[in-house]
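Overview (structure and organization)
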There are 2 protein chains.
Amino acid sequence: MRDFSSDHRWLSLNTATVRKQGDLVEIIDACARHGIRAIDPWRDQVAAVGLERAARAVREAGLELSGYCRGGMFTSDAARRGEVRDDNRRCVDEAKALGAPCIVLVVGGLPQYSRPGSETSKDIAGARTQVEEALAEMLEYAKQAKLPLAIEPLHPAYAADRACVNTTKQALDICDRLDPDRTGMLGVALDVYHIWWDPELMGQIARAGQDRLLAFHVCDWLVPTRDILNDRGMMGDGVIDIKRLRAAVEAQGFAGYSEIEIFSSDWWGKPMDEVLRTCIERHRTVV
Amino acid sequence: MRDFSSDHRWLSLNTATVRKQGDLVEIIDACARHGIRAIDPWRDQVAAVGLERAARAVREAGLELSGYCRGGMFTSDAARRGEVRDDNRRCVDEAKALGAPCIVLVVGGLPQYSRPGSETSKDIAGARTQVEEALAEMLEYAKQAKLPLAIEPLHPAYAADRACVNTTKQALDICDRLDPDRTGMLGVALDVYHIWWDPELMGQIARAGQDRLLAFHVCDWLVPTRDILNDRGMMGDGVIDIKRLRAAVEAQGFAGYSEIEIFSSDWWGKPMDEVLRTCIERHRTVV
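What you see is a predicted model, and the numbers here were worked out from it, not measured in a lab.

Our next topic: the relation of the copies chain B and chain A. Between chain B and chain A, which share one sequence, the superposing operator has a rotation angle of 180° and an axial displacement of 0.0 Å; the RMSD is 0.0 Å. Here the two chains are linked by the operation of a two-fold rotation axis. Interface overlap between copies: 100% of the residues of chain B at the interface are likewise at the interface in chain A, consistent with a symmetric, same-surface contact.

What follows is the structure, given as structure tokens:
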């Protein structure tokens with residue numbers, strides 16, 4: 001396992017972590033101040049400053065990207081299928097313009113939450129079928145752009161409203177069906193928050209292998225979790241044995257960024273520099 | 001699938017559903033008023049009125065039990081192992097005195113939450129090993145009392161603090177290891193709240209079969225869920241396709257009670273009779 005204790009060369013900042021403290025250009029400036037070399041920006045943060053300005057700021061700061069958040073939300077009623085397809089194609093185009101190595105996919109849950117206005121449904125099996133069909137279509141477009149897609153299995157607590165792909169096994173089963181030749185164009189983004197509980201995790205990480213492991217995200221699971229969406233913990237403040245999980249992905253050859261993504265009302269309330277200083281310190285000690 | 005629309009013969013009330021509105025004897029009286037024929041009482045509610053008085057009240061009301069909640073919390077540090085064993089043996093004795101058909105097991109998460117005061121740990125794999133060892137020991141005692149044990153897989157959101165058995169497959173794997181001969185003494189309690197999201201659920205219910213399906217619990221998953229412990233929904237108010245799940249367990253031959261267990265600050269704030277009337281109406285229409 002790589003030694004992170006003496007520098008933060010392999011720390012990437014998911015820009016949602018400080019989304020309330022500044023716009024994307026301000027976040028990029030802060031990364032420069034703290035010697036952070038990579039980010040994973042969100043589409044809405046890019047849109048807020050404009051795609052060209054965002055791309056220029058990334059370039060001028062000499063930043064790499066560890067991903068682009070996020071494509072997906074594939075589930076909708078029939079009337080919205082074209083909208084879903086076009087939205088995801090734009091996402092590929094944006095990721096290409098920004099120089100992202102992959103797109104992180106949050107696949108969507110039941111249609112009424114994934115694409116508001118869609119007809120209400122309780123058919124999660126149907127949602128899963130729809131995800132696979134729409135993802136297959138997006139993959140064709142992404143292949144032409146040479147932009148890999150990373151399915152992020154989300155914690156089962158988000159199965160209804162955010163993603164009906166909820167385990168690493170389920171995500172890898174989709175990868176095997178849609179990309180049986182392991183072209184490198186389809187894989188997974190593993191976030192410790194979503195997968196730490198899974199009794200089959202270690203075997204599935206080994207199954208994924210280097211070519212399917214496209215991104216690795218860290219934060220922590222707090223006890224109690226007061227809000228299922230926005231009470232994620234700073235690494236070290238919760239119950240996840242993060243080093244054990246990083247060791248497992250690195251044992252497969254993963255050598256990319258360890259990306260910090262924390263949705264937290266608490267941390268959004270602190271100054272950006274304090275958050276980044278804490279991220280760096282925890283990256284060196286507990287990740 | 002059984003027709004529930006014209007009566008509530010197969011409704012059982014888990015007494016936690018109205019735990020704030022009255023003690024166990026008052027809950028039993030209310031069940032009699034509403035023609036509810038079965039309950040699943042909690043140990044603390046039994047203790048509050050006394051075991052003998054509880055057993056007499058159950059007998060005099062002519063109630064059946066659909067289970068006894070709950071044994072388990074197997075994980076602890078070394079100093080507390082004896083305490084855990086004795087506590088679970090007492091649970092078996094109480095269940096026997098009450099005439100329960102099985103004990104519902106919430107197995108415990110990390111030791112510091114399962115048995116407060118235990119040393120802090122992040123070793124969930126170790127917790128799982130400990131669960132299996134302690135459960136094997138409890139099973140020997142339960143067999144002598146002819147009291148079946150029902151492992152309840154809990155939603156992964158509770159993996160840290162309540163139960164590190166989080167999928168039906170994981171629970172059935174334990175059953176197969178500890179009870180390979182399928183004696184009927186070990187099985188699962190399936191609560192739709194905990195399992196509805198699982199992409200492998202239907203196959204695992206078929207794998208369980210009638211002899212491993214010891215209990216079936218219903219409530220609903222609300223979107224948004226404002227509190228991960230105490231914001232469970234009344235059946236029909238959330239996203240779970242409950243009828244589809246009941247059809248799946250009944251297709252295996254399950255013919256027991258459909259037990260309503262709702263932990264909800266909202267429903268705890270309403271009069272007991274209103275809650276029971278609503279339970280009966282929803283049991284007939286959406287379960």
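Here we come to the pattern of salt bridges. Residue and element names in this part refer to chain B. Per the counting criterion, the structure on display carries 46 salt bridges over all chains. Notably, a salt bridge pairs Asp-87 with Arg-90, separated by 3.5 Å at the nearest N-O pair. Of this pair, Asp-87 and Arg-90 both sit in helix α4 (residues 81-98), 3 residues apart, roughly one helical turn. Asp-87 gets classed as buried once you look at its relative accessible area, which sits at 15%. The partner of Arg-212 in a salt bridge is Asp-176, with the nearest N and O atoms 3.1 Å apart.

Below, the discussion takes up the UniProt feature "domain: Xylose isomerase-like TIM barrel" (unreviewed entry) in chain A. Following the UniProt record, the feature "domain: Xylose isomerase-like TIM barrel" (unreviewed entry) maps to residues 28-274 of chain A here. A helix fraction of 45% and a strand fraction of 13% characterise residues 28-274 of chain A, whose end C-alpha atoms lie 15 Å from each other.

All names here are of chain B. Looking at helix α1 (residues 24-33), one finds that the buried residues are Leu-24, Val-25, Ile-27, Ile-28, Ala-30 and Cys-31. Residues of α1 that are buried sit in contact with β1 (11-14), β2 (38-40), α2 (43-49), α3 (51-60) and α12 (272-285). A side-chain oxygen of the first residue of α1 lies 3.1 Å from the backbone nitrogen of Val-25; this N-cap is Asp-23. Just beyond α1, the residue with positive phi is Gly-35, at close to 70°.

What follows deals with the environment of Met235(B). Residues and elements named next belong to chain B. Of note, Met-235 is situated in the loop between β8 (213-218) and α10 (242-251). In this structure, the C-alpha to C-alpha distance between Met-235 and Glu-281, residues 46 residues apart in sequence, is 9.7 Å. When sequence neighbours within four positions are dropped, the list of residues in contact with Met-235 reads Val-218, Cys-219, Asp-220, Ile-242, Ile-260, Ile-262, Cys-279, Arg-282, His-283, Val-286 and Val-287.

Turning to the environment of Leu63(A), a few remarks are in order. All names here are of chain A. Among the structural elements, Leu-63 can be located in the loop between α3 (51-60) and β3 (64-65). For Leu-63, a relative accessible area of 11% corresponds to the buried category. Apart from residues no more than four positions distant in its own chain, Leu-63 is found in contact with Ile-28, Ile-36, Arg-37, Ala-38, Ile-39 and Val-58.

In terms of nonpolar packing, the biggest core is built from 199 residues, with Ile151(A), Trp196(A), Ile151(B) and Trp196(B) touching the most fellow members. For Ile151(A), the contacting residues outside a window of four places in its chain are Leu105(A), Val107(A), Leu135(A), Val165(A), Ala171(A), Ile174(A), Cys175(A), Leu186(A), Gly187(A), Val188(A) and Ala189(A). With 10 residues, the next largest nonpolar core counts Val104(A), Ala189(A), Ala215(A) and Phe263(A) among its residues.

Residue and element names in this part refer to chain A. Their axes nearest at 10 Å, the elements helix α4 (residues 81-98) and helix α6 (residues 124-144) cross at an angle of 40°. When the interaxial angle is binned, α4 and α6 end up oblique. Classified by chirality, the crossing of α6 by α4 is right-handed. Residue-level contacts link Arg-81, Arg-85, Asn-88, Arg-89, Val-92 and Asp-93 of α4 to Gln-130, Glu-137, Met-138, Tyr-141 and Ala-142 of α6. Looking at the contact of α4 with α6 residue by residue, the class counts come to 4 nonpolar, 2 polar and 5 charged.

Residues and elements named next belong to chain B. Across the sheet, 9 strands lie side by side as β3-β2-β1-β9-β8-β7-β6-β5-β4; this open sheet has parallel pairing. In the strand order of this sheet, the two ends are held by β3 (64-65) and β4 (68-72), each with one partner. Examined bridge by bridge, β2 and β3 share 2 bridges and lie parallel to one another. Note on β3: the bridge partner recorded for Ala-38 is Glu-64. Sitting on the sheet, helix α6 (residues 124-144) touches β5 (103-106), β6 (149-151) and β7 (186-191), and the angle it makes with β6 is about 150°. Helix α7 (residues 168-178) rests against β6 and β7 of the sheet, and its axis sits at about 170° to β7.

About the cut-offs
Residues numbered from 1 in each chain as written. Chains lettered and ligands numbered in written order. Predicted model: local features only at pLDDT ≥ 70, side-chain atom pairs only at ≥ 80, totals over all residues. Heavy atoms only, no water. Least-squares fit on C-alpha atoms with pLDDT ≥ 70 in both. Contact = heavy atoms within 4.5 Å. Salt bridge = Lys/Arg side-chain N within 4 Å of Asp/Glu carboxyl O. Helix = DSSP H or I, 4+ residues; strand = E, 2+ residues; numbered from the N terminus. Buried < 20%, exposed > 50% of the residue type's maximum accessible area, 1.4 Å probe, protein only. UniProt positions renumbered as here; feature names shortened; annotations may be inferred. Polar contact = N/O pair within 3.5 Å; in protein donor to acceptor, adjacent residues only side chain to side chain. Core = buried A, V, L, I, M, F, W, Y, C linked by side-chain atoms within 4.5 Å. Axes fitted to C-alpha atoms, helices over the stretch in contact; angles between N-to-C directions. Parallel < 35°, antiparallel > 145°, perpendicular 65-115°, else oblique. Left-handed = near helix turned anticlockwise from the far one by under 90°. Nonpolar A, V, L, I, M, F, W, Y, C, P; charged D, E, K, R; others polar. Pairing = 2+ DSSP bridges.

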